[in-house]
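Breakdown of the fold
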Amino acid sequence: MENQLDKIRGIADYQFGKNVGEKLFPENVTFELSKRTGRIRFINLNGERIATLRPTDGLFSLSIKAAKHLVENIPTAKGFVMLQNTVSKYIAEGGDAFAVHIVQVDDEIHAKDEVVIIDEDRQLLAVGRAILSAPEIRAFKTGVAVKVRHGTISKI
């Protein structure tokens, strides 16, 4: 168990910045293993999934709960994309983020990276996957920059 916790914390440190793993994954997290491979697949906290360890690249896909924790408690974390407040509702409902609406992007973001989308007031809007790298996002004025996976407002 301790070895697994160290492993996921190390991955989080690599993906989101130094010392993020310990803050994001406390001692009481539980793991669901893949039935086929026996490797860590899901990380749960108090019975709720907070992250999925992607088998394709070995990095995390975050839940809204985990992203909220990052935004509120770990301001030094990397992997943030800031959008104009005018498109906040659309993004929070699960709409994709277009390059023209992005105000700020972390320099370390590459295409296919997991990102946390916030508005100009640092309020969490969504989590998703970058389609473009940080330099491309800054250079392009058209097209989808981030494919949103989960918005904070669920459409029912």
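Scoring rules and cut-offs
- Residues numbered from 1 in each chain as written.
- Predicted model: local features only at pLDDT ≥ 70, side-chain atom pairs only at ≥ 80, totals over all residues.
- Heavy atoms only, no water.
- pLDDT = per-residue confidence, 0-100.
- Helix = DSSP H or I, 4+ residues; strand = E, 2+ residues; numbered from the N terminus.
- Salt bridge = Lys/Arg side-chain N within 4 Å of Asp/Glu carboxyl O.
- Buried < 20%, exposed > 50% of the residue type's maximum accessible area, 1.4 Å probe, protein only.
- Contact = heavy atoms within 4.5 Å.
- Phe/Tyr/Trp six-rings, centres within 6.5 Å; stacked < 30°, edge-to-face > 60°.
- Lys NZ or Arg CZ within 6 Å of the ring centre and 35° of its normal.
- Pairing = 2+ DSSP bridges.
- Axes fitted to C-alpha atoms, helices over the stretch in contact; angles between N-to-C directions.

1. Focus on the confidence of the model for the chain
- Residues at a pLDDT of 70 or more form 97% of the chain, whose mean pLDDT is 91.
- Per-element averaging of pLDDT across the chain places helix 1 (residues 2-16) at the bottom with 90 and strand 9 (residues 124-130) at the top with 95.

2. Examining the pattern of salt bridges
- This model, assessed by the stated rule, comprises 10 salt bridges.
- Here Glu114 ties to Arg149 by a salt bridge, and the two come within 2.4 Å at their closest N and O atoms. Of this pair, Glu114 sits in strand 8 (residues 114-119) while Arg149 sits in strand 10 (residues 144-151), and the two are 35 residues apart along the sequence.
- Connected via shared salt-bridge partners are Arg54, Asp57, Glu114, Arg129 and Arg149.

3. Here we look at the environment of Leu59
- Within the secondary structure layout, Leu59 lies in the loop between strand 3 (48-53) and strand 4 (60-62).
- Overall, Leu59 belongs to the buried group, its relative accessible area being 15%.
- In the structure, Leu59 is positioned 54 residues away from Asp113 in sequence and 8.8 Å away in space, judged by C-alpha atoms.
- If we skip the residues at most four places from it in the chain, Leu59 touches Ile11, Tyr14, Gln15, Thr52, Leu53 and Arg54.

4. Side note on the packing of aromatic side chains
- Evaluated as defined, the whole model comprises one aromatic pair.
- Ring geometry for Phe25 against Phe60: centres 5.2 Å apart, planes inclined by 45°, an arrangement best described as tilted. Of this pair, Phe25 sits in the loop between helix 2 (20-24) and strand 1 (30-33) while Phe60 sits in strand 4, and the two are 35 residues apart along the sequence.
- Take Phe25: its relative accessible area is 0%, and that puts it in the buried class.
- A relative accessible area of 0% places Phe60 in the buried class.
- When the ring centre of Phe42 is taken as reference, the NZ or CZ atom of Arg49 above it lies at 3.6 Å.
- The side chain of Arg122 reaches across the aromatic face of Phe80, ending 5.2 Å from its centre.

5. Details of the sheet that holds strand 3
- With antiparallel pairing, four strands are arranged side by side in an open sheet as 1-2-3-4. The open sheet terminates on both sides in strands that have one partner only, identified here as strand 1 and strand 4. This sheet shows a mean twist of 30° between the axes of neighbouring strands, independent of strand direction.
- The pairing of strand 1 with strand 2 (residues 40-45) spans four bridges and is classified as antiparallel. The partner of Leu33 across the bridge, within strand 2, is Ile40.

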